[in-house]
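# Observations on the model geometry
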Amino acid sequence: MRAEAIEFENFDHMQDEACAQRIETAKKTLGKQVVLLAHHYQRADVYRHADLTGDSLKLAYQAAQTDADYLVFCGVHFMAEVADILSSDEQTVILPDMAAGCSMADMASLTKVERAWRELAEVLSPDETVTPVTYINSAADLKAFCGEHGGIVCTSSNAGKILEWSFQQREKVLFFPDQHLGRWSGYQLGIPLDEMAVWDFDEPMGGLTPEQIKRAKILLWKGHCSVHQMFQPQHILRFRNQHPDGIVISHPECSFEVCSASDYVGSTEYIIKTIAAAEEGTRWLVGTELNLVSRIAEEFKSQNKIVQFMSPLVCMCSTMARIDPQHLTWALENLANGTVVNRIQVPQTDAGLAKLALERMLSIS
Ligand code: 13P
Ligand code: SF4
């Protein structure tokens, strides 16, 4: 018989250190039944408890491969949805705080994407000429839309390959929700900037004329990440003036100007690997979320690598930070007590088609 859920109120005021001990105790009680997955942006006091860590692509593979009964996801909502879609029906995915969303993912909804598709049909035949590509930072129903319309999912580490595949299928791409990842990846493939048009989802016909739609190779959804938009080319300029030998690395969610001014551009996993492989004594400016940059700075201090954060402002993924030690303790102690709280379960209707779009991605990554 299932025990009554223990209310979160009992955990809200707990000290972080007390939480750390109780998290470890609950993990020991649950043993191999549970696995904790954490994204690289996760705060340090949660990340330290993770069994598996990675960027979005690596976490998707790990979720598909683990045989634990319970996957406790320390990341944001769309990542937990992907874990649910790719794990088996017998496995249960838990997101310790349901408010851990992604503001970029929220910039595209099924209603708006379906409207865009209908509007495109006034100018061309989208199901014959446009491959819909959704960044993994999107809700499951948008992945299902891509599955249904011959489209695919991409992450920041495979967007180039996925675009190549997409252009092998059809002549144009509708890329949502992150215009910056779409623009940077398209440009890397040799598509000129004037053949990419921004689709403003708040305007009829995306704010574009029929001629602009016909001319565009990629239609870029007008979405962005509120964290990565804080990084500016002048931050790079100042760094280069102060440290001419310094190296700049950025996440492709940064603006085109920031990516163009960087020496390297890639996913969170790529950023970690690139700095890890660099020579001792090198100095880095990193354009991505603060928790990750602080962790890298600490980790490579022993190799005399100096790792600096790109912005003078604090840019954290505040939604991911909602997964705090208190919520993690609450979710794990309930689980150890026989109760599942905050289960992420993608409806069957979306899960099948979303899986199709995800599997297309995994098969060519
Ligand atoms: P990565 O897949 O590079 O970890 O990026 C996920 C993300 O949300 C970046 O903001
Ligand atoms: Fe979403 Fe930006 Fe947070 Fe990544 S950093 S999860 S894109 S809000």
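On a predicted model such as this, the values are computed, not experimentally measured, just so you know.

All right, on to the overall build of the chain then. Of regular secondary structure, the chain possesses 16 helices and 14 strands. Its C-alpha atoms give the chain a radius of gyration of 21 Å, within 12% of the compact-globule value 21 Å for 365 residues. Across its three principal directions, the C-alpha atoms of the chain cover 60 × 55 × 35 Å. The proportion of buried residues among the 365 residues of the chain is 58%.

Near ligand 1 you find H39, Y41, D55, S56, Y135, N137, S156, H228, H251, E253, S267 and T268, and these make up its full shell. In this structure, S156 approaches ligand 1 through a side-chain N or O atom, which is 2.7 Å from an oxygen atom. Within the contact set of ligand 1, an oxygen atom lies 2.6 Å away from a side-chain nitrogen or oxygen of T268. In the complex, the protein chains occlude 96% of the 300 Å² of accessible area that ligand 1 would expose alone. Of the residues assigned to the shell around ligand 1, the class counts are two nonpolar, eight polar and two charged.

Our focus in this paragraph is the UniProt feature "binding site: [4Fe-4S] cluster" (unreviewed entry) in the chain. The feature "binding site: [4Fe-4S] cluster" (unreviewed entry), as annotated in UniProt, sits at C102, C225 and C317 in this numbering. In summary, the annotated positions, though distributed over 216 residues, converge in three dimensions, the widest C-alpha pair being only 9.4 Å. Classification of C102 by relative accessible area gives buried; the value is 13%. Not counting residues within four places of it along the chain, the set of residues in contact with C102 comprises V76, F78, N137 and T319. For C225, the residues in contact, after removing those within four places along its chain, are M104, D178 and E253.

In the numbering used here, UniProt assigns the "binding site: iminosuccinate" (unreviewed entry) feature to H39, S56, Y135, I136, N137, S156, H251, P252, E253 and T268. Note on placement: H39 falls in strand β1 (residues 34-39). For H39, a relative accessible area of 4% corresponds to the buried category. Those residues in contact with H39 that sit more than four places away from it in its chain are Y47, G54, D55, S56, L59, C74, G75, M79, T268 and M320. Within the structure, the side chain of H39 is placed 3.0 Å from the backbone nitrogen of Y41, a separation counted as a polar contact.

On to the site of ligand 2, then. Neighbouring ligand 2 are the residues Y41, V76, C102, S103, M104, N137, C225, V227, E253 and C317. Residues belonging to the shell around ligand 2 are distributed by class as follows: seven nonpolar, two polar and one charged.

Attention now moves to the packing of helix α3 (residues 56-65) against helix α4 (residues 77-86). Between α3 and α4, the shortest axis-to-axis distance is 8 Å and the interhelical angle comes to 35°. As α3 packs across α4, the resulting crossing turns out to be right-handed. Seen from α3, the contacting residues are S56, L59, A60, A63 and A64; seen from α4, they are F78, M79, V82, A83 and L86. Looking at the contact of α3 with α4, its residues break down into nine nonpolar, one polar and no charged.

Our focus in this paragraph is the packing of helix α1 (residues 16-30) against helix α15 (residues 325-336). Relative to each other, α1 and α15 sit at 30°, their axes nearing to 9 Å. In this view, α1 runs roughly parallel relative to α15, as classed from their interaxial angle. The two elements α1 and α15 cross, and the hand of that crossing is left-handed. Taking contact as the criterion, the partners of D16, C19, R22, I23, A26, K27, T29 and L30 in α1 are, on α15, P325, Q326, L328, T329, L332, E333, L335 and A336. The residue inventory of the contact of α1 with α15, partitioned by class, reads nine nonpolar, three polar and four charged.

The rules we used
- Residues numbered from 1 in each chain as written.
- Chains lettered and ligands numbered in written order.
- Predicted model: local features only at pLDDT ≥ 70, side-chain atom pairs only at ≥ 80, totals over all residues.
- Heavy atoms only, no water.
- Helix = DSSP H or I, 4+ residues; strand = E, 2+ residues; numbered from the N terminus.
- Rg over C-alpha atoms; globule rule 2.2 N^0.38 Å.
- Buried < 20%, exposed > 50% of the residue type's maximum accessible area, 1.4 Å probe, protein only.
- Near = heavy atom within 4 Å.
- Polar contact = N/O pair within 3.5 Å; in protein donor to acceptor, adjacent residues only side chain to side chain.
- Areas by Shrake-Rupley, 256 points an atom, 1.4 Å probe, with all protein chains shown as cover.
- Nonpolar A, V, L, I, M, F, W, Y, C, P; charged D, E, K, R; others polar.
- UniProt positions renumbered as here; feature names shortened; annotations may be inferred.
- Contact = heavy atoms within 4.5 Å.
- Axes fitted to C-alpha atoms, helices over the stretch in contact; angles between N-to-C directions.
- Left-handed = near helix turned anticlockwise from the far one by under 90°.
- Parallel < 35°, antiparallel > 145°, perpendicular 65-115°, else oblique.

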